[in-house]
Amino acid sequence: KIIDEDGAKRIPQEIDGITSEIYWLKTERNHTIPALFFPIPSASNRLHLLMRVTQSRTNYVILYNHGNATDLGKMRDMLLDLSYTPMYIPFTIPHQLPEIPKIHVFAYEYTGYGLSTGTPSDLNIIADVTAAYNFVINELGFKWNNIIM
């Protein structure tokens, strides 16, 4: 069973060699919303040397609030593209860098859409944004000033 009634649970997913994490967030209005997290690979993997160079840039996360007429499933590839957004690294030539993730990306679904519970409303959207923001800070450990919305 994917949805756990006891709160946020992580289910690592690997598709095409890319790892993403699925979380289930409880909102203050007692709804459950799914979220996707695309973490930058850890420095212990095969990209160790390059990740050491970019280590100071890995503490930022995009908290993606999507628009209308889409859902997390449809946005997966676009969110992955966001994580590969080039970032400036001093003393490097951009075309010489391999295509590796350069920023963390966290996106969530709104109440009443996709696999979430509840019905859409303005108050539920505010609760969804708050749940996602708090999760990124309290559970994933990002600082408030390192969140890009």
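This one's a predicted model, so the numbers in the text were calculated from it and none came from an experiment. (Residues numbered from 1 in each chain as written. Predicted model: local features only at pLDDT ≥ 70, side-chain atom pairs only at ≥ 80, totals over all residues. Heavy atoms only, no water.)

Student: A description of the side chain of His31 should follow, citing residues and the corresponding values.
Tutor: Relative to the helices and strands, His31 resides in the loop between β2 (18-26) and β3 (32-38). When its relative accessible area of 17% is taken as the criterion, His31 is described as buried. Those residues within four positions of His31 in sequence are excluded, and the remaining contacts are Leu25, Lys26, Thr111, Thr117, Gly118 and Asn124. (Helix = DSSP H or I, 4+ residues; strand = E, 2+ residues; numbered from the N terminus. Buried < 20%, exposed > 50% of the residue type's maximum accessible area, 1.4 Å probe, protein only. Contact = heavy atoms within 4.5 Å.)

Student: I'd like a rundown of the pairing of β3, residues and numbers included.
Tutor: Counting buried positions over the seven residues of β3 gives seven, a clear majority of the element. Burial along β3 is two-sided: the residues Thr32, Pro34, Leu36 and Phe38 and Ile33, Ala35 and Phe37 are all buried. Pairing between β3 and strand β5 (residues 104-108): four bridges, direction antiparallel. Within β5, the position partnered with Ala35 by the bridge is Tyr108. (Pairing = 2+ DSSP bridges.)

Student: Residue-level account of helix α3 (residues 122-138), with values.
Tutor: The terminal C-alpha atoms of α3, which comprises 17 residues, lie 24 Å apart, in line with the 24 Å expected from a rise of 1.5 Å per residue. Of the residues making up α3, those classed as buried are Asn124, Ala127, Asp128, Ala131, Ala132, Phe135 and Val136. The buried residues of α3 all sit within an arc of 165 degrees when viewed along its axis, so they share a single face. Among the exposed residues of α3, those oriented more than 90 degrees off its buried face are Asp122, Leu123 and Asn138. (Expected span 1.5 Å × (residues − 1). Arc of directions from axis to C-beta.)

Student: Could you give an account of the nonpolar core, naming the residues involved and the relevant values?
Tutor: Formed by 15 residues in total, the largest nonpolar core has its most connected members in Tyr23, Leu25, Val61, Leu63, Phe106, Tyr108 and Val136. Contributing elements (two or more residues each) for this core: β2, β3, β4 (61-64), β5 and α3. Here Tyr108 is in contact with Ile33, Pro34, Ala35, Leu63, Tyr64, Asn65, His66, Leu72, Asp128, Val129 and Ala132, once residues within four sequence places are set aside. Formed by 10 residues, the second largest nonpolar core is a distinct cluster that contains Phe38, Ile103, Val105 and Ala107. (Core = buried A, V, L, I, M, F, W, Y, C linked by side-chain atoms within 4.5 Å.)

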